[in-house]
Amino acid sequence: MFNGINYIMEKAITGDYALVKAWKADWAGNLIFRKSARNFNVPMSKAAKITIAEVEEIVDVGTFAQEDIHIPSIYVHRVIKGEKYEKRIERLTLQKEEDSTSDGSSPAVAMRERIVRRAALEFEDGMYANLGIGMPMLASNYIPAGVNVHLQSENGILGLGPFPKPGKQDADLINAGKETVTTIPAASFFSSDDSFAMIRGGHVDLTILGAMQVSKYGDLANWMIPGKMVKGMGGAMDLVASPGTRVVVTMEHTAKGKHKILDDCSLPLTGVKCVDRIITDMCVFDIDKENGLRLVELSEGVTVEDIIEATGTDFNITDNLKPMGQISK
């Protein structure tokens, strides 16, 4: 227990081999990476008995500055220059042309935009924020002019910009959801262990993420459905457990007619009593960890009775119930 909070202590993970891809190596075995490609390569190399690095280029010692080395040679045992070095983009994501933006005529598009435009009101000037893939990331398109928000990605970027224009994508510049991105002028790159030090240290002011279920007291389930293959929980468990980080969930109020806001989550939990606010297509709930849900905003055309029917648990209603906020386009 630390500061009144229980933690599970685990032995450090080690491996016989670490297979990493780097940008360049020198003949001494020092490695450097481009942009966001550093991710977990650095701690993996430190944790392995033998590290084998595939690189794009092997250069003479002294070609790059000593202070620019990301993995010192002591951690690197073999270097291979790949004959067919290939960089794949798993999720090519580009800016939409201005004249191709949706007019919101589709009910599904209109619903998502309603949620996203409300979520954008959570941003404050100067804050550091982490956005999940999907609707949370779309909220960054509505950051008001004059509001400076530093977007952080778990794979090692601080200062995310918009998606790239066609032809400007870079395989070494992706977010934690493997989408191609850009950066703002003040951005920085680092390894994933540094990224999680920021998160676990409470330096991220706000995280907005999706959910499959949320309980009345703020329990969150968003990382897996039993029996279905998942790649992992990503950084969500760390983000929602971090001290001082405000947690906002964006999601559809129901899924195929089934409740998503419940007395208790039936799916495996990401975090316990961690959600501060829920933004859906129907309303906004604030969550008190002892007293439960409080309805604070209603979407246009939605009644309290509609919320009662669509919510799988009881809730309180604020004395000052407001229309659901929407940031200007």
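Quick note: structure is the one above.
These notes cover the structure that comes with them. Residues take numbers from 1 onward in each chain, read along the sequence in its written order. Residues qualify for local features only when their pLDDT is at least 70, as the model is predicted, and side-chain atom pairs are given and counted only at 80 or more; totals for whole chains, interfaces and linings, by contrast, use all residues. Here the side-chain values reflect all heavy atoms present in the structure, with hydrogen atoms and water set aside.

## Comments concerning the overall build of the chain
Link 1 in the chain: For helices the rule is a DSSP run of H or I covering at least 4 residues; for strands it is a run of E covering at least 2, with both sets numbered from the N terminus onward. For the chain, the count of helices and strands is six helices and 19 strands.
Link 2 in the chain: Viewed in the frame of its principal axes, the chain has a C-alpha envelope of about 70 × 55 × 40 Å.
Link 3 in the chain: Put simply, the chain has 329 residues, and 43% of those count as buried.
Link 4 in the chain: About 18,200 Å² of surface is accessible on the chain, with carbon and sulfur atoms providing 51% of the total.
Link 5 in the chain: Separation between the mean location of the 36 positive side-chain charges and that of the 44 negative ones in the chain comes to 5 Å. Between buried and exposed lies partly exposed: a residue is buried under 20% and exposed over 50% of the maximum accessible area for its type, with that area taken using a 1.4 Å probe on protein chains only. What sets the accessible areas is the Shrake-Rupley method with a 1.4 Å probe; for residues, cover comes only from the shown protein chains. For this count, His and the chain ends are skipped, Lys and Arg are scored as positive, and Asp and Glu as negative. Lys charges are placed at NZ, Arg charges at CZ, Asp charges at CG and Glu charges at CD.

## Digging into the pattern of salt bridges
Link 1 in the chain: By definition here, a salt bridge exists when the distance from a side-chain nitrogen of Lys or Arg to a carboxyl oxygen of Asp or Glu is within 4 Å. Taken as a whole, this structure holds 19 salt bridges when the rule is applied.
Link 2 in the chain: With a closest N to O distance of 3.0 Å, lysine 35 and aspartate 170 form a salt bridge. Placement of the pair is lysine 35 in the loop between strand S2 (31–32) and helix H1 (41–47) and aspartate 170 in the loop between strand S7 (157–160) and strand S8 (183–189), with a sequence separation of 135 residues.
Link 3 in the chain: What makes lysine 35 partly exposed here is its relative accessible area of 31%.
Link 4 in the chain: Here aspartate 170 falls in the buried class, since its relative accessible area comes to 16%.
Link 5 in the chain: Glutamate 90 is paired through a salt bridge with lysine 178; the nearest N and O atoms lie 3.3 Å apart. A residue pair is termed long-range when its members are at least 10 positions apart, and glutamate 90 in the loop between strand S4 (78–81) and helix H2 (107–119) and lysine 178 in the loop between S7 and S8 qualify at 88 residues.
Link 6 in the chain: The network of salt bridges with shared partners includes Arg118, Glu122, Arg246, Arg277, Asp286, Arg294 and Glu297.

## Points about a nonpolar patch on the surface
Link 1 in the chain: Each patch is assembled from residues with relative accessible area greater than 30% and no salt bridge, linking like charges that lie within 9 Å and nonpolar side chains (Val, Leu, Ile, Met, Phe, Trp, Tyr) that lie within 5 Å. A cluster of nonpolar side chains, namely Phe2, Ile5, Tyr7 and Met9, defines an oily patch on the protein surface of about 470 Å² accessible area.
Link 2 in the chain: If you trace the backbone, isoleucine 5 turns up in the segment before strand S1 (15–26).

## Digging into the sheet that holds strand S16 (residues 277–279)
By way of backbone hydrogen bonds, the strands of a sheet pair with one another, either parallel or antiparallel.
Link 1 in the chain: An order of S8-S7-S6-S5-S9-S12-S16-S17-S18-S19 is seen for the ten strands of this open sheet, with the pairing classed as mixed. Taken across any chain shown, the strands that pair with only one partner, and hence form the sheet edges, are S8 and strand S19 (316–323). Taking each pair of neighbouring strands and ignoring which way they run, the sheet shows an average axis angle of 25°.
Link 2 in the chain: Two strands qualify as a pair provided that DSSP identifies no fewer than 2 bridges between them. Sheet topology places strand S17 (residues 283–288) next to strand S18 (residues 292–298); six bridges connect them, and they run antiparallel. Looking at S18, one finds that cysteine 283 is bridged to leucine 298. Lines fitted to C-alpha atoms define the axes, with helix axes restricted to the stretch in contact, and inter-axis angles between N-to-C directions lie between 0 and 180 degrees.

## A closer look at unusual backbone geometry
Link 1 in the chain: In this structure, asparagine 3 takes a positive phi of about 55° despite not being glycine.
Link 2 in the chain: Within the element layout of this structure, asparagine 3 appears in the segment before S1.

## What about the nonpolar core?
Link 1 in the chain: Ranked by internal contacts, the top residues of the largest apolar core, which has 27 residues, are Phe123, Leu206, Ile208 and Ile279.
Link 2 in the chain: With four residues, the single largest contributor to this core is H2.
Link 3 in the chain: Only heavy atoms matter for contacts: two residues are in contact if any of them lie within 4.5 Å across the pair. Leaving out residues up to four positions away in the same chain, phenylalanine 123 has contacts with Ala129, Leu131, Ala139, Ser140, Ile143, Val149, Leu206 and Ile208.
Link 4 in the chain: Residues enter a nonpolar core if they are buried and are Ala, Val, Leu, Ile, Met, Phe, Trp, Tyr or Cys, with the set joined through side-chain atoms within 4.5 Å. In terms of nonpolar packing, the next biggest core, distinct from the first, is built from 25 residues, Leu209, Val240, Ile278 and Cys283 among them.

## A word on the side chain of arginine 117
Link 1 in the chain: The topology assignment puts arginine 117 in helix H2.
Link 2 in the chain: What qualifies as a polar contact is a pair of N or O atoms within 3.5 Å, subject to a donor-acceptor requirement within protein and to the restriction that residues adjacent in sequence count only when both atoms come from side chains. Polar side-chain contacts of arginine 117 include one of 2.9 Å to the backbone oxygen of isoleucine 327.

## Considering the state of the cysteines
Link 1 in the chain: A pair of cysteine sulfur atoms is labelled a disulfide when the two atoms are within 2.5 Å. According to the stated counting rule, one finds zero disulfides in the structure shown.
Link 2 in the chain: Free of any disulfide, cysteine 265 has its nearest neighbouring cysteine sulfur in cysteine 274, separated by 8.9 Å.

Distances and angles like these do not, on their own, reveal function.
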